[in-house]
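Topology and contacts: notes
Spelled out, the chains give:
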Amino acid sequence: MPMLSPWPLYNQLADWTVDADGVDENRENNCGPESVAMCLKYLTGVELPADFIKDAIYGASFTGYTFMGDLARFLKKRCDLTCEIRSGQEPTLQPVVKRAIDAGFPTIVLFFFELEKPDSGHFAPVVGYDEGGATRANPWGGKLEYMKWPDFETWQKSSNIIILNRQRPDNLGRGGLEADPLIQGVEDLLDEAQPYVDRALREAAETSERARRQP
Ligand SMILES: [Ca+2]
Ligand SMILES: [Ca+2]
């Protein structure tokens, strides 16, 4: 049964941040950026915190929902990764998901967060399927969830899906990919985040040093 593997699992509620304040301010709404972070880790081996992706798209002070077009634009502009967005073009997503996973492409599907709340939305990558259903990587808790196809179609919201038109390279992790524009772009983003990581570590060290010197 087709499955994108090894698939990384990140929990939006307990992710790290490079913010100096150490507070992941949009954690409860970061399903979109966390889904992007999982897809990028799968495709490149590089881990970015969801908060950094959120800050890069919307700014450090933003809190709130994130949107498909913004996530796809981030992937195109900052990672040189072209996405296909489908929104309501087909009544069911099952064939779209199967085609993407057969091609080795990650997808991010919009689900309802609660069925009783039609305004609610929740992004999750869909990473595998069999004849009975699909497996999603839920960023809320960071776990794999198998959904039978009828449940999957009930929970997916208005056939909204982002397809990342890109396969994980076979030789990922064994070197030789320095010239890959996607991996280069994601590593540049990680370099951008590094000064914040360094600052946070320095401040933590200074705080503990001060505590140690207290009489
Ligand atoms: Ca913060
Ligand atoms: Ca932030």
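Residues numbered from 1 in each chain as written. Chains lettered and ligands numbered in written order. Predicted model: local features only at pLDDT ≥ 70, side-chain atom pairs only at ≥ 80, totals over all residues.

**Concerning the overall build of the protein**
Just so we agree on the cut-off: What counts as a helix is a DSSP run of H or I of at least four residues, what counts as a strand is a run of E of at least two, and both are numbered from the N terminus. With the radius of gyration taken over C-alpha atoms, the globule rule is written as 2.2 Å times the number of residues to the power 0.38. Think of it as a crowd count around each C-beta: if 20 or more other C-beta atoms lie within 10 Å the residue is buried, if 12 or fewer it is exposed, and in between it is partly exposed, with C-beta placed from the backbone throughout. Any residue pair is listed as a contact if its two C-beta atoms, each placed from the backbone, are within 7 Å.
A tally of helices and strands in the protein yields six helices and six strands. Walking the protein from its N terminus toward its C terminus, one meets helices and strands in the order α-α-α-β-α-β-β-β-β-α-β-α. Here the protein has a C-alpha radius of gyration of 18 Å; the compact-globule value for 215 residues is 17 Å, and the two agree. Overall, the protein is about 65 × 45 × 30 Å in size when its C-alpha atoms are taken along their principal axes. Expressed as a percentage of the 215 residues in the protein, the buried residues total 35%. Taking all contacts inside the protein whose residues are at least 6 apart in sequence as the whole, residues at least 24 apart take part in 66%.

**Structural notes on unusual backbone geometry**
Pro6 follows Ser5 through a cis peptide bond whose omega is 0°. By the element assignment, Pro6 lies in the segment before helix 1 (31-44).

**Quick notes on the sheet that holds strand 4 (residues 133-138)**
To keep it simple, the criterion reads: Pairing between two strands is assigned when DSSP locates at least 2 bridges connecting them. Fitted lines through C-alpha atoms serve as axes, helices being fitted only where they are in contact, and the angles separating the N-to-C directions of these axes extend from 0 to 180 degrees.
Within the open sheet, the six strands sit side by side as 1-6-2-3-4-5. Their pairing is antiparallel. The open sheet is flanked by strand 1 (83-87) and strand 5 (143-148), the only strands paired with a single partner. This sheet shows a mean twist of 30° between the axes of neighbouring strands, independent of strand direction. The pairing of strand 2 (residues 107-111) with strand 3 (residues 122-129) spans five bridges and is antiparallel. Bridging across to strand 3, Ile108 finds its partner in Pro125.

**Digging into helix 4 (residues 94-102)**
Counting along an α-helix, one turn takes 3.6 residues, and residues three or four places apart therefore face a common direction. Basically, it comes down to this: Read the arc as the range of directions from the helix axis to the C-beta atoms.
The set of residues buried in helix 4 consists of Val96, Val97, Ala100 and Ile101. Within helix 4, the buried residues cover an arc of 120° as seen down the axis, which keeps them to one side. Along helix 4, the residues that are exposed and aim more than 90 degrees away from the buried face are Pro95, Arg99 and Asp102. Buried-residue contacts for helix 4 involve strand 1, strand 2, strand 3, strand 4 and strand 6 (156-164). Where helix 4 ends, the next residue or the one after it, Gly104, has phi of about 85°, a positive value.

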